[in-house]
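Coordinate analysis (summary)
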Protein chains: 2
Amino acid sequence: MAAKLAAHKTGEVTVRGPRGRYAKSDATRAAILDAALEVFAQGGYRSGSIRDVAQRVGISEAGLLHHFSSKPRLLAAVLDRRDELAEHLVPRDLNDGVSALHGLIELARFNASEPGVVELYCTLSAEATSPSHPAHTYFVNRYVEVRRRLQVAFEDLEQRGLVRTGISPEAAVRATIAIMDGLQVQWLLDKSLLDMGEELREFFRTLTTVDI
Amino acid sequence: MAAKLAAHKTGEVTVRGPRGRYAKSDATRAAILDAALEVFAQGGYRSGSIRDVAQRVGISEAGLLHHFSSKPRLLAAVLDRRDELAEHLVPRDLNDGVSALHGLIELARFNASEPGVVELYCTLSAEATSPSHPAHTYFVNRYVEVRRRLQVAFEDLEQRGLVRTGISPEAAVRATIAIMDGLQVQWLLDKSLLDMGEELREFFRTLTTVDI
DNA sequence: GTCTATATGGCGATAGAC
DNA sequence: GTCTATCGCCATATAGAC
């Protein structure tokens, strides 16, 4: 674990001296995960190939499989890594409904700066609606968790009388997630068509009386 | 074209006498398209295989390719057929904004009775955000057309003062499409979670003052 | 109109040398 | 830790018999 924290983005070996014995391995792993994200984003998991990933990294398939022993494990590692990054990125207090809405708008804006990640989740979540997909339970759990968090935010807004109509917090949660997912599809098809953050902001203004 | 109209759903040959010379062929084509829809829905286009389709129909791959000469052509035929059916199903007058909203709710309800079709469009539209996908331009055009139609409806609603906030018709259109797409993903992951028609109805009630 | 046989190539994964 | 070589499988598509 200490080795993980010591990893370098540059991937240079032994820059930190002989004690950095895992540095290269970790750099390679990171490069593989970056490439895998691209490949799975563009082709989805099922038709993305580890061969393609290995070529982008500049190693052989066998070399790749030394680090991630199978294709499903590689996908799991990609998703785990994104979750780690997201955890550091959005550590917001969702108990405050207003700042939660601001956080979501910020998130939408940030996503627009990473089209590959948006593509990954968009493609994967659709692909993974099939129960046999290796990431199926991941996405089921993910949506449960996201709904749980948003529920807290909208309950706060409702108690403060900030929800515009008599819409229930549950429905507001489902609609918010739907809007975010649906905007991504339209945006991926034509990035000049809409600004995801702006669009979400307008949605919140129809849903709430928050001056956002 | 006459042959097409004379086709039988049962697939029985020569029921109509020797003049029904294309009946069997058309029945086979229909069976192939049904099976292809299932396969592409469950696995997406790229990882769905014509082998799988052929097995479901009970013919060989070569037999299938006699009717649809390549995999992309098979996909195109599936989409064309759905468009034909949809044309008969939703010939509504979208100039009347209120009845347009009702039509969309009905459409959402109807979609819930055909999970396979929802899965097909959900999976394909995500997959087809990639420009190299054979259905890419199909989906680009489809979204343009859907937006054009909905735009008319929301302009009508706005002129009649039925849109709740100062939201633009364009934004309302994009949000409506996003909601419909996004609800489908959540619904496919857990069909007991929400009722797509009901959810859309609540959305329209936050967006408009139409008593819907 | 449907079949068998086949060409051609990509895939995930393993074995074993270095 | 990375490679080459290879296995076994599945894919799309074609050729030609019936």
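Within the secondary structure, B:Arg174 sits in helix H9 (residues 169–189). Separated by 23 residues in the primary sequence, B:Arg174 and B:Gln151 place their C-alpha atoms 9.3 Å from one another. If sequence neighbours within four positions are ignored, B:Arg174 has contacts with A:Leu183, A:Gln186, A:Leu193, A:Leu194 and A:Glu199.

When chain A is fitted onto chain B, the two copies agree to an RMSD of 0.0 Å after a turn of 180° and an axial shift of 0.0 Å. One copy is carried onto the other by what is essentially a two-fold rotation axis. Of the interface residues in chain A, 100% have counterparts in chain B that sit at the interface too, so the contact is made through matching surfaces.

In this section: the protein's contact with DNA strand C. Near DNA strand C there are 18 residues, and of these A:Ile50, A:Lys71, B:Ser60, B:Ala62 and B:His67 occur at the shortest range. Within 4 Å of the protein, atoms of DNA strand C come from sugar and phosphate in 58% of cases. A distance of 3.1 Å separates a phosphate oxygen of DNA strand C from a polar atom in the backbone of A:Ile50. For DNA strand C, a phosphate oxygen lies 2.6 Å from a polar atom in the backbone of B:Ser60. Breaking the surface near DNA strand C down by element, the ones donating at least two residues are helix H3 (50–57) and helix H4 (61–67) of chain A together with helix H2 (23–47) and helix H4 (61–67) of chain B. Among the residues making up the surface near DNA strand C, the classes are represented as five nonpolar, nine polar and four charged.

Turning our eyes to something else, we now look at the protein's contact with DNA strand D. Among the 18 residues in the neighbourhood of DNA strand D, the closest are listed as A:Ser60, A:His67, B:Arg51, B:Glu61 and B:Lys71. Each atom of DNA strand D within 4 Å of the protein was assigned to sugar, phosphate or base; sugar and phosphate come to 56%. One of the backbone N or O atoms of A:Ser60 is found 2.7 Å from a phosphate oxygen in DNA strand D. The residue inventory of the surface near DNA strand D, partitioned by class, reads five nonpolar, nine polar and four charged.

Calculation notes
Residues numbered from 1 in each chain as written. Chains lettered and ligands numbered in written order. Predicted model: local features only at pLDDT ≥ 70, side-chain atom pairs only at ≥ 80, totals over all residues. Heavy atoms only, no water. Helix = DSSP H or I, 4+ residues; strand = E, 2+ residues; numbered from the N terminus. Contact = heavy atoms within 4.5 Å. Least-squares fit on C-alpha atoms with pLDDT ≥ 70 in both. Near = heavy atom within 4 Å. Polar contact = N/O pair within 3.5 Å; in protein donor to acceptor, adjacent residues only side chain to side chain. Nonpolar A, V, L, I, M, F, W, Y, C, P; charged D, E, K, R; others polar.

Distances and angles like these do not, on their own, reveal function.
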